[in-house]
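# Summary of the model geometry
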Amino acid sequence: MNLIYAHQLLVAAGQQGDRSFQVISRSGCEEVQRMAAAGLVEISIQGDRIEPAISIERLTDFGRTFLRTFAAPPPLAEEERTPTEQRRASCAAAVSKWRDKFVAMQINEAR
């Protein structure tokens with residue numbers, strides 16, 4: 001099972017609320033069948049081999065647990081980050097420090 005694709009399908013199906021989420025691509029249908037076999041979703045099959053169509057009717061408790069577990073990917077170690085990711089992290093740290101100093105300055109001025 002492609003965990004990233006499965007996660008994307010679970011998120012999309014979860015956003016449908018009470019409505020079913022239909023998948024019509026052959027590779028998508030195969031992935032949804034694997035997800036059903038793993039106990040992540042309950043499905044209904046409408047199509048055939050020529051024109052596949054599967055609907056995710058609902059997420060199971062295990063599927064919701066999967067979503068909560070993989071809601072946010074763990075941060076990468078410094079050596080695993082690309083140069084772009086390293087710059088973003090550096091900029092985020094700088095903005096955070098600036099924001100903290102700005103808030104502290106406002107608090108001191110209010111006194």
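Everything numeric in this text was worked out from a predicted model, so none of it was measured.

We now examine the overall build of the chain. Scanning the chain from N- to C-terminus turns up 4 helices and 3 strands. Secondary structure elements of the chain, listed N to C terminal, follow the sequence α-β-α-β-β-α-α. Burial status across the chain gives 22% buried among its 111 residues. When contacts within the chain are restricted to residue pairs at least 6 apart in sequence, long-range pairs at least 24 apart make up 48% of them. For the chain, the computed accessible surface area is about 8,300 Å², with 56% contributed by carbon and sulfur atoms.

Glancing now at helix α1 (residues 3-14). Between its first and last C-alpha atoms α1 spans 16 Å; for 12 residues at 1.5 Å apiece the expected length is 16 Å, and the two agree. Taken as a whole, α1 has its buried residues at Ala 6, Leu 9, Leu 10, Ala 12 and Ala 13. Looking straight down α1, one finds that the buried residues subtend no more than 165 degrees of arc, so they occupy a single side. In this structure, the buried side of α1 is in contact with β1 (21-23), α2 (26-37), β2 (41-45), β3 (54-59) and α3 (61-69).

Mapped onto the secondary structure, Ser 27 falls in helix α2. In this structure Ser 27 comes out as partly exposed when scored by relative accessible area, which is 48%. The sequence separation of Ser 27 and Pro 52 amounts to 25 residues, and the corresponding C-alpha distance is 9.5 Å.

Moving on, we get to the sheet that holds β1. Strands sit in the order β1-β3-β2 across an open sheet of 3 strands; the sheet is antiparallel. Where the open sheet ends on each side, the last strands, each with one partner, are β1 and β2. Sheet twist, expressed as the mean angle between neighbouring strand axes with direction ignored, is 30 degrees. Strand direction decides the pairing type here: β1 and β3, joined by 3 bridges, are antiparallel. Bridge pairing in β3 links Gln 22 to Ser 55. Across the sheet, α1 touches β1, β2 and β3, and the angle it forms with β3 is around 75 degrees.

Quick look at the packing of α1 against α3 now. For the pair α1 and α3, the least separation of the axes is 10 Å and the interaxial angle reads 110 degrees. In terms of orientation, α1 lies roughly perpendicular with respect to α3. In this structure, the crossing between α1 and α3 has a hand that is left-handed. Across from Leu 3, His 7, Leu 10 and Val 11 in α1, the residues of α3 making contact are Gly 63, Phe 66 and Leu 67. Taken together, the residues of the contact of α1 with α3 sort by class into 5 nonpolar, 2 polar and no charged.

Bringing the confidence of the model for the chain into the picture now. Averaged over all residues, the pLDDT of the chain equals 80, while 77% of them reach at least 70. Of all the helices and strands in the chain, helix α4 (residues 83-110) carries the lowest mean pLDDT, 68, while β3 carries the highest, 93.

Thresholds, definitions, all that
- Residues numbered from 1 in each chain as written.
- Predicted model: local features only at pLDDT ≥ 70, side-chain atom pairs only at ≥ 80, totals over all residues.
- Heavy atoms only, no water.
- Helix = DSSP H or I, 4+ residues; strand = E, 2+ residues; numbered from the N terminus.
- Buried < 20%, exposed > 50% of the residue type's maximum accessible area, 1.4 Å probe, protein only.
- Contact = heavy atoms within 4.5 Å.
- Areas by Shrake-Rupley, 256 points an atom, 1.4 Å probe, with all protein chains shown as cover.
- Expected span 1.5 Å × (residues − 1).
- Arc of directions from axis to C-beta.
- Pairing = 2+ DSSP bridges.
- Axes fitted to C-alpha atoms, helices over the stretch in contact; angles between N-to-C directions.
- Parallel < 35°, antiparallel > 145°, perpendicular 65-115°, else oblique.
- Left-handed = near helix turned anticlockwise from the far one by under 90°.
- Nonpolar A, V, L, I, M, F, W, Y, C, P; charged D, E, K, R; others polar.
- pLDDT = per-residue confidence, 0-100.

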